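# Structural characterization, general
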Amino acid sequence: MNHLEQEFNNILKTYGHSVLLLHSDKKTVCDCYQRRTASADKDCPYCFGMGYVPIIEKHLTRNVDMRVPESLPYIASQQLFGDMAVATRAYYFKKDVVVKEYDLIIDVEWDGLTPIYRGGGIYEVSHIDPQRYLNGQITFQKVYVKDTPIKKTIRGLKIVQKAGKVLYQIAGLGE
């Protein structure tokens, strides 16, 4: 581990907070997924419209609200005249965290090891920007999400253990 990566990890340890990262397990298709149309039910309480059963993991991050140029992919639609800045949010993750576009980041509070959702926001990942330093090696990831959270409420979160790894499950999701 290089010095800059070590410094980044220390910043996360000192100033970071844990969030839940929800991404699809492409091996397990959700019942709501329609193969004929290659689409899923956006209101599905199990996969949240992703089409696959989700994997939810706890990760340490730091986030910041910001404005980015409209040209950043998937943040806003293209305009005919001039540039415009769009409100967004960025999360900073360690380089080994697996995060992809359309994954969801759930801001939760923690009671010891138990996550509690109090409406902190569910954000869809729109762009991942690997930050490269020292010989082009990735030091950390800057993950952009749309500033407006997805309008869903979570009724509860459960801790589960699968293959020796601690994961989380959402007990209920609604409008």
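Residues numbered from 1 in each chain as written. Predicted model: local features only at pLDDT ≥ 70, side-chain atom pairs only at ≥ 80, totals over all residues. Heavy atoms only, no water.

### Overview of the packing of aromatic side chains
As a reminder, the rule being used: Within 6.5 Å between ring centres, the rings of Phe, Tyr and Trp (the latter by its six-membered ring) count as paired, and their orientation is classed by plane angle as stacked under 30 degrees, edge-to-face over 60, tilted in between. Burial classes follow relative accessibility: with a 1.4 Å probe on protein chains only, a residue under 20% of its type's maximum area counts as buried, one over 50% as exposed, and anything between as partly exposed.
Going through the model one piece at a time under the given rule, you end up with 7 aromatic pairs. Between Tyr133 and Phe140, the aromatic rings sit 6.2 Å apart at their centres with planes inclined by 25°, giving stacked as the arrangement. Looking at Tyr133, the relative accessible area reads 35%, which means it is partly exposed. In this structure an aromatic cluster arises from ring pairing among Phe8, Tyr92, Tyr133 and Phe140.

### Looking at a nonpolar patch on the surface
The cut-off we apply is this: Like-charged residues are merged into a patch within 9 Å and nonpolar side chains (Val, Leu, Ile, Met, Phe, Trp, Tyr) within 5 Å, provided each residue has over 30% relative accessible area and no salt bridge. Using a 1.4 Å probe, accessible areas were evaluated by the Shrake-Rupley method; residue-level cover was limited to the displayed protein chains. By definition, a salt bridge exists where a carboxyl oxygen of Asp or Glu is found within 4 Å of a side-chain nitrogen of Lys or Arg. Helix and strand assignments come from DSSP, with helices taken as H or I runs of at least 4 residues and strands as E runs of at least 2, each series counted from the N terminus.
On the surface, a cluster of nonpolar side chains totalling about 260 Å² of accessible area is made up of Leu4, Tyr133 and Leu134. Structurally, the position occupied by Tyr133 is in strand β7 (residues 122-133).

### Concerning unusual backbone geometry
Even without being glycine, Ala38 reaches a positive phi, approximately 55°. Tracing the chain through its elements places Ala38 in the loop between β1 (17-29) and β2 (52-69). Residue Ala38 is classed as exposed on the basis of its relative accessible area of 51%.

### Observations concerning the pattern of salt bridges
For the structure on display, the rule yields 4 salt bridges. Of the charged contacts in the structure, one is a salt bridge between Lys165 and Glu57, with a shortest N-O distance of 2.8 Å. Within this pair, whereas Lys165 is found in strand β10 (residues 165-174), its partner Glu57 is found in strand β2, the two being separated by 108 residues in sequence. By relative accessible area, Lys165 is classed as partly exposed at 44%. With a closest N to O distance of 3.4 Å, Asp107 and Arg89 form a salt bridge. Of this pair, Asp107 sits in the loop between β4 (104-106) and β5 (109-111) while Arg89 sits in strand β3 (residues 85-94), and the two are 18 residues apart along the sequence. The burial state of Asp107 is the same as that of Arg89; both residues are buried.

Such coordinate-based values are descriptive only and should not be taken to indicate function.
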